[in-house]
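Read off the chains here:
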Amino acid sequence: MVKFLLRRLANSLVLVGIAASLAYLLAASSLDPRANFEGRNPAPPKVVVDRRLDQLNLNDETPLLQRYARWVRGVLHGDFGRTWDGDSVTAEMGRRIGVSLRLLLIATIVGGVLGILAGAWGAIRQYRLSDHVITLLSFVTISIPVFVLAVLLEIAAVGFNNAVGVRVFEYTGEFTPGLGGGFWTHLGDRLRHLVLPSLTLVLGQIAIFSRYQRNAMLDVLGQDFVRTAMAKGLRRRTALLKHALRTALIPAITFVAYDFALLLVGATFVEKIFGWHGMGEWFVDSVTSNDVNAVAAVSCFTAVLVLVAGLLSDLGYAVLDPRIRVS
Amino acid sequence: MSSPVLQVRDLRVTFRSEGGDVKAVRGISYELARREVLGIVGESGSGKSASALAVMGLLPETARVEGSALLDGEELIGRGDRELARLRGRRIAMIFQDPLSALTPVYSIGYQLAEAVRVHRDVSADEARRRAMELLELVGIPRAGQRASAFPHEFSGGMRQRVLIAMAIANDPDVIVADEPTTALDVTIQAQILDVLRTAREATGAAILMITHDLGVIAGLADRVAVMYAGRLVETGTVDDVYGRPRMPYTLGLLGAIPRVDESGRGPLVPIEGAPPSLVDLPPGCPFAPRCPLVYDRCLEVEPALLAIGEAGQRAACHRSSVIEEGDLRPVDVFPLPPSTSPARTHDRRAQRPVVLAAEDLVRHHPVLRGAVFKRQVGTVRAVDGISFEIREGETLGLVGESGCGKTTALLEVLELRPPQGGRVVVLGRDVAQLDARERRALRRDVQVVFQDPLASLDPRLPVSDVLAEPLRTHRFPAGRTSARVRELLELVGLAPGHAARYPQQFSGGQRQRIAIARALALEPKLLVLDEPVSALDVSIRAGVINLLEGLRARLGLSYLFVAHDLSVVRHIADRVAVMYLGRLAETGDVQRVYDAPAHPYTQALLSAVPIPDPTLERERRRIILEGDPPSPADPPSGCRFRTRCPKFAALDDDLRGRCIEEDPALAAVTEDQHAACHYAEPMHVV
Amino acid sequence: MSVPSDQFSSVLPSAEPTGAAAALDETRVPSRWGLVLKRFRRRRLAAAGLAVLVALFALAFLGPYLGHWSYTDHDFNAFLEGPSAAHWFGTTQTGADVYALTLRGMQKSLIIGLLVAVIATGLAALVGSFAGYMGGWVDRVLMWFVELLLVIPAFLIIAILSPNFRGRTWLLLVLVVAAFLWMVTARIVRGMTISLREREYVLAARYMGVSTPTIVFRHILPNVASLLIIDATINVSVAILTETGLSFFGFGVQPPDVSLGSLIADGTSSAVTYPWLFGFPAALLVLIVLSVNLVGDGLRDALDPTSGTTG
């Protein structure tokens, strides 16, 4: 099993390399940082612009492969280059990674666990009222795009705040800048800012997972071993929880990895709409401002995250499924 | 006489479905006495499994169950989940058909066994584990201590079924319900499991309710038998009575339709025309009436009740049972036999007939690959490891063996018409290694195939006319004559030509197999390769298809390579037989000779394991039970591959054993037209 | 959402080749398409979804003829006005008619969704079936490629490429989105083809001498048709969501053309104070996606009753 995971790790590293390179090459050939300088008033002379672009490794007149090579050299030393403003990409990344990870982890863990439970419950109570309710809610939630859901929650929060008279829910940024007070005040403040963005992602995750898990669970329920467990004398509920759910967790783990890429895209919307300064927001801003190195860095981060999620799910799969472990 | 341990009265099961209510079980009543074995026999759709599941309360919620089932006086039908859970596994236990999916893949065997104990008894985990080991040893799993921590996927089918039996007897139940426990197993493993069932019965004193479609198994195991058809019992009695003096036409038909491994007669089997009825909208009267040769007016109006006939407690549901009783009618008296079409087989002219198919030292190995993108080979599965046989014109060779022996691989090798990995294949005088693409394509006209699963061998999206026309179109048959040929083919296999526009799903299984046969005959081939063509069909349907194959062979001068695991069918249809084990041939020869006096220990064990639908014979037979599971074809034993399970090897002295361990025996003549690959071959009468 | 069906089969025990097979059910089966239609009609929600979808199409393409304004008009007398008799959905900051804008956006989203789904599914069917049937290096390269593209979400790559769309036709966007979507469906088609490849009717055709392309077109593709139809519907939904998502950030449909995504983006900042700017485009988008999903679900239930989906 260790060998299996090591092989996966090696494979993943290769993929990260290729994906990140692809992103860089596409960004470098599609985005035009020169236009940022040319758009200024008065427009600086070309020589000045060229020199500045060279410094930042953003000169579109340098051959693409040369820029790529310089970028790779930098990355291998931990330096992701410079933004078109001249700041360090690596430093900015450091500031923003934590923000994104906070959102992503909450969404994955809370959303995943609740979604799996909801799906399993729906399958056990197939065709009863609770199943119909869960199914309907999931269905509608999936049909609402993340950006619409985010705004809807914002509107609801405003309404709630007005009704109660207190600003319970905050919907801009991660925290209130310049807030005095001690640890608990800050914690409360952060939580108030955290609720809406997390809720947006968590709701979507619950909906997706519950539908998937319901199907997986139904497939397992039709299997003979549930019947055997009952024939042994286990009550239906016990057989379903101990045997069926445990077995149906296996596909759920693999699904987490598959779903993670979609989650990243959703997080991008949430960050932008709620003003969280994470990697997603940075990506959108960077594309708009033709910031090649920043775009490449975010893509690299994305690829690494997706592959880490994949490796973790492989690990989880190996832990949960004895057929992988022993063979 | 003590009270029966299980008493079922007027049990009814109805399923809701899209097409309407399916009345799977329509009022059956029976009693199971203590320590008795009652066999419930029926084909698919008879409702036998549904009735067993209903008694256990394990049907899905969409099923409606009515009636009564008293377990030692306690009512089972309609009880709540908690109460039934108390009884299940303790007083009444069940063994299911498919051991593969019947065990939870994520928990170890020991854990699942211990769970069976702890659910009903308040014992410590250690105590439960000890009991689990005890049970594993009782059912014959060696090294129980080690094996208990293994997972289900590491066990073979036979081992898993033993575990399921162990689970069932964990708490000494009064009744064990066995639902087709050996249907999915090879015949030698089936013999092992039936033995384990007997042991289980001894150990617990339980009564067994045995549900199966195999009349041979019942004959060997049961005291009494009940025959089910279309949701009702149509005949009950002791096995001697029902098998010896059947009084219901369906039972008569079944007994006449089964080929027997101990019969040397080559007459046609007694077919039962038609198919079992749909249980959605049953017409009034006896459900067997459409297929019954003895039908008269009353049969179509009133459904017969199960009434006593004879003196010994036998009951039959037939208006005509008195007629059958008086005349002591046999199956051949009741069911009309098709005219015998096979000409007398003359063995002596065999050497003069041309060779249609010859294989010499045929080899086919599969590499075992690991890795996703860059695959490396970690082992070899030696599926076919050097076999030689030949088929002459007009002859049928039966290639038999159990699962994993390589017979299907050999069949596919022949069909590929490509140079084999080892050895030679000569088809109609042409060595396949020397064919170019055009010649190969032309040769395909003469070699056609019929597969096992009639549903999967016809494209569900094509109407039957297209299915039959495909080979014609592929080989540029004149387009104008295609539809005429399609009609011809349908008539040839006994189907109505007007049905050519229908889709395969609209035909029954037996009819679909006839379509598959028709397709194979479209280009007038000389050699037909058949892969278990009747094993997926119901018993009553098989006889018709077997007779058809026989008749076609005689009429069209075909030769057959008939691959099967069912030895009784092979005895009936084949002229010569080749027995395969782990990629090699154990024994070959004339079918009568090999079956009457097999020389190889494997053939002897194989034949002794085949159940015969004759209770007297079954009781008196001496069984040769093989130990353990077949070795993996990726790692065959040195020397003789069979030695790890060979009863003869076990009885030999050490110095004689050496030869078996070192030298792989070659096929050597034992008698005239019988060859066995054994150093100590000795013909022995087994069936 | 598109769920890889091969996820389930890897968990559950696969059938082992055994010595004997269980006898088949001998009863007859009624006509296939009759059953399909019956099941679909019974799923009232799915039928309702279809009706709503048709209505939405009608609204998008015929609706503009009912309104008085085109989407490029600016009514200088009515800035940021709520819904009224003159402007059914209200007006924007520049006096543009929200009704006309929304319908124009709907047209874009619907057409892009349909085109992408058709192209992606068609391409996936061809490549997936041939890769699955022929195996070998073609298959391995394809799967490796798919895995690579799952590592970086398509959304990001299309966003990076978006500057190339400026000033060009929206068809380019269609092609790019389709180029990413087809991979996942192709993988599923490949999986199904691999299992069909060993089916006996395919083997029979092979041993009859039928050529490989004929086998794929005659036997494999028609038998994955139900899967393709279901996946095509899912792809419509995913394509619409992708396109509107991209347009939300300005990476998709470019001005002066209008998409529901760009409208929603414009309306987001003032969603609380001027709800009609956000509300109408958002509501219609959700309706579109919801009805497509309902139809897809209904089709899946009707065509593949073993999938065990919603009740």
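Residues numbered from 1 in each chain as written. Chains lettered and ligands numbered in written order. Predicted model: local features only at pLDDT ≥ 70, side-chain atom pairs only at ≥ 80, totals over all residues.

1. Examining the overall build of chain B
Here is step 1: Scanning chain B from terminus to terminus reveals 25 helices and 24 strands.
Here is step 2: Its C-alpha atoms give chain B a radius of gyration of 26 Å, within 12% of the compact-globule value 26 Å for 687 residues.
Here is step 3: With 687 residues in all, chain B has 56% of them scored as buried.
Here is step 4: In chain B, 69% of the contacts between residues at least 6 apart in sequence involve partners at least 24 apart. (Helix = DSSP H or I, 4+ residues; strand = E, 2+ residues; numbered from the N terminus. Rg over C-alpha atoms; globule rule 2.2 N^0.38 Å. Buried ≥ 20, exposed ≤ 12 C-beta atoms within 10 Å, placed from the backbone. Contact = placed C-beta atoms within 7 Å.)

2. What about the overall build of chain C?
Here is step 1: Looking only at helices and strands, one finds 12 helices and zero strands in chain C.
Here is step 2: Across chain C, helices and strands are ordered from the amino to the carboxyl terminus as α-α-α-α-α-α-α-α-α-α-α-α.
Here is step 3: A buried classification covers 50% of the 311 residues belonging to chain C.
Here is step 4: In chain C, the share of contacts with a sequence separation of at least 24, taken over all contacts with a separation of at least 6, comes to 70%.

3. Describing the packing of helix 5 (residues 89-124) of chain A against helix 11 (residues 279-288) of chain A
All names here are of chain A.
Here is step 1: Taken N-terminus to C-terminus, the directions of helix 5 and helix 11 make an angle of 120 degrees; their axes are 7 Å apart at the nearest point. The angle between the axes of helix 5 and helix 11 places the two elements in the oblique class. In this structure, helix 5 contributes Arg96, Ile97 and Ser100 to the contact, and helix 11 contributes Met279, Gly280 and Trp282.
Here is step 2: When its residues are assigned to classes, the contact of helix 5 with helix 11 shows three nonpolar, two polar and one charged. (Axes fitted to C-alpha atoms, helices over the stretch in contact; angles between N-to-C directions. Parallel < 35°, antiparallel > 145°, perpendicular 65-115°, else oblique. Nonpolar A, V, L, I, M, F, W, Y, C, P; charged D, E, K, R; others polar.)

4. Describing the domain arrangement of chain B
Residues and elements named next belong to chain B.
Here is step 1: Here chain B is partitioned into domain 1 (6-226), domain 2 (232-261 + 277-334) and domain 3 (347-446 + 525-596).
Here is step 2: Each of domain 2 and domain 3 was reduced to a C-alpha centroid, and the two centroids are 39 Å apart.
Here is step 3: In this assembly, seven residues from domain 2 lie in contact with 10 residues from domain 3.
Here is step 4: Here the residues of the side of domain 2 that touches domain 3 sort into five nonpolar, one polar and one charged. (Domains from an automatic or database assignment.)

5. Describing the sheet that holds strand 8 (residues 207-212) of chain B
All names here are of chain B.
Here is step 1: One open sheet accounts for eight strands, arranged 6-7-8-3-9-10-12-11; its pairing is mixed. The strands lining the two open edges of the sheet, one partner per strand, are strand 6 (92-95) and strand 11 (307-308).
Here is step 2: Two elements, strand 9 (residues 224-229) and strand 10 (residues 232-238), share six bridges in a ladder whose sense is antiparallel. Paired with Met228 across the two strands is Leu233, which belongs to strand 10. (Pairing = 2+ DSSP bridges.)

6. Here we look at the pairing of strand 18 (residues 447-450) of chain B
Residues and elements named next belong to chain B.
Here is step 1: Here strand 18 shows two buried faces, one formed by Val447 and Val449 and the other by Gln448 and Val450.
Here is step 2: For strand 18 and strand 19 (residues 527-531), the ladder comprises four bridges, and the chain directions are parallel. The residue bridging Val449 from the neighbouring strand is Val529, located in strand 19.

7. Focus: the nonpolar core
Here is step 1: Residues Val175, Leu209, Leu561 and Phe562 of chain B are the most contacted members of the largest nonpolar core, which totals 418 residues.
Here is step 2: For this core, the element with the most residues is helix 10 (residues 236-274) of chain A, which contributes 22 residues.
Here is step 3: Setting aside residues no more than four positions away along its own chain, Phe562 of chain B makes contact with Thr396, Leu397, Gly398, Leu399, Leu530, Val570, Ile573 and Ala574 of chain B. (Core = buried A, V, L, I, M, F, W, Y, C linked by C-beta atoms within 7 Å.)

8. A closer look at the environment of Ala231 of chain A
Here is step 1: Residue placement: Ala231 of chain A occurs in helix 9 (residues 224-232).
Here is step 2: For Ala231 of chain A, the contacting residues outside a window of four places in its chain are Met56, Leu58, Arg88, Gly89, Ala93 and Met94 of chain B.

9. Thoughts on the pairing of strand 9 of chain B
Residues and elements named next belong to chain B.
Here is step 1: Among the six residues of strand 9, six are classified as buried, and the element is accordingly described as predominantly covered.
Here is step 2: Here strand 9 shows a buried face lined by Arg224, Ala226 and Met228 and a second buried face lined by Val225, Val227 and Tyr229.
Here is step 3: Where strand 3 (residues 37-41) meets strand 9, four bridges bridge the pair, whose relative direction is parallel. In the sheet register, Ile40 faces strand 9, and the bridge partner there is Ala226.
Here is step 4: Hairpin connection between strand 9 and strand 10: a loop of two residues separates the two successive antiparallel strands, and Ala230 in this loop has a positive phi of roughly 50 degrees.

10. Remarks on the interface of chain A and chain C
Here is step 1: Listed as interface residues are 53 residues of chain A and, on the opposing side, 44 residues of chain C.
Here is step 2: Within the residue set of the side of chain A that touches chain C, elements represented by two or more residues are helix 1 (2-30), helix 6 (129-143), helix 7 (146-164), helix 8 (183-221), helix 10, helix 11 and helix 12 (292-320) of chain A.
Here is step 3: Top element by residues in the side of chain A that touches chain C is helix 10 of chain A. It accounts for 10 residues.
Here is step 4: Of the residues in the side of chain A that touches chain C, the class split is 37 nonpolar, 12 polar and four charged.

11. Here's the deal with unusual backbone geometry
Here is step 1: Of note, the phi angle at Arg35 of chain B is positive, near 60 degrees, even though the residue is not glycine.
Here is step 2: By the secondary structure assignment, Arg35 of chain B is in the loop between strand 2 (20-32) and strand 3.
Here is step 3: Positive phi is not limited to glycine here, since Leu80 of chain C has a value of about 50 degrees.
Here is step 4: The residue Leu80 of chain C is located in the loop between helix 3 (44-66) and helix 4 (98-134) in this model.
Here is step 5: Looking at Leu80 of chain C, the number of C-beta atoms within 10 Å reads 15, which means it is partly exposed.

12. A few points about the sheet that holds strand 2 of chain B
All names here are of chain B.
Here is step 1: On the basis of which strands lie adjacent, the open sheet formed by four strands has the order 2-1-4-5 and antiparallel pairing. In the strand order of this sheet, the two ends are held by strand 2 and strand 5 (74-75), each with one partner.
Here is step 2: Of the strand pairs in this sheet, strand 1 (residues 6-17) and strand 4 (residues 63-71) are connected by eight bridges, and their pairing is antiparallel. Residue pairing for strand 4: Arg9 is matched across the bridge by Ser68.
Here is step 3: Against the sheet, helix 1 (residues 48-56) touches strand 1, strand 2 and strand 4, its axis set at about 110 degrees to strand 1.

13. Here we look at the packing of helix 1 of chain A against helix 4 (residues 64-76) of chain A
Two numbers describe a pair of packed helices, the interaxial angle and the distance between the axes.
All names here are of chain A.
Here is step 1: Running from amino to carboxyl end, helix 1 crosses helix 4 at an angle of 130 degrees, the nearest separation of the two axes being 10 Å. The angle between helix 1 and helix 4 falls in the class oblique. Two packed elements cross with a definite hand, and for helix 1 against helix 4 that hand is right-handed. Of helix 4, the residues touching helix 1 (which contributes Tyr24, Leu25, Ala28 and Ser29) are Leu64, Arg67, Tyr68 and Trp71.
Here is step 2: Among the residues making up the contact of helix 1 with helix 4, the classes are represented as six nonpolar, one polar and one charged. (Left-handed = near helix turned anticlockwise from the far one by under 90°.)

14. Considerations on helix 9 (residues 212-223) of chain C
Residue and element names in this part refer to chain C.
Here is step 1: When the terminal C-alpha atoms of helix 9 are compared, their 16 Å separation across 12 residues agrees well with the 16 Å that a helix rising 1.5 Å per residue should span.
Here is step 2: Every buried residue belonging to helix 9 is among Ile215, Val216, His219, Ile220 and Leu221, and all of these are buried.
Here is step 3: Buried residues along helix 9 sit against helix 4, helix 7 (170-197), helix 8 (200-208) and helix 10 (225-249). (Expected span 1.5 Å × (residues − 1).)

15. Concerning the confidence of the model for chain C
Residues and elements named next belong to chain C.
Here is step 1: Scored by pLDDT, chain C comes out at a mean of 79, with 84% of its residues at no less than 70.
Here is step 2: With pLDDT under 50 throughout, residues 1-31 is counted as low confidence; its partners more than four residues away or in other chains account for 77 contacts.
Here is step 3: For the stretch residues 306-311, pLDDT sits under 50, and the model shows 15 contacts to residues farther than four places along the chain or on other chains.
Here is step 4: Here the predicted complex carries an ipTM of 0.84, next to a pTM of 0.83. (pLDDT = per-residue confidence, 0-100.)

16. A few points about the environment of Ala116 of chain B
Here is step 1: Counting through the fold element by element, Ala116 of chain B comes out in helix 3 (residues 109-120).
Here is step 2: As a C-alpha pair, Ala116 of chain B and Arg659 of chain B span 543 residues in sequence and 47 Å in three-dimensional space.
Here is step 3: Setting aside residues up to four positions removed in sequence, Ala116 of chain B forms contacts with Lys232 of chain A together with Gly89, Met167 and Ala170 of chain B.

17. Let's talk about the environment of Val47 of chain A
Residue and element names in this part refer to chain A.
Here is step 1: Its place among the elements puts Val47 in helix 3 (residues 46-55).
Here is step 2: Since 8 C-beta atoms lie within 10 Å of it, Val47 is described here as exposed.
Here is step 3: When the C-alpha positions of Val47 and Thr200 are compared, they lie 48 Å apart, and in sequence the two are 153 residues distant.

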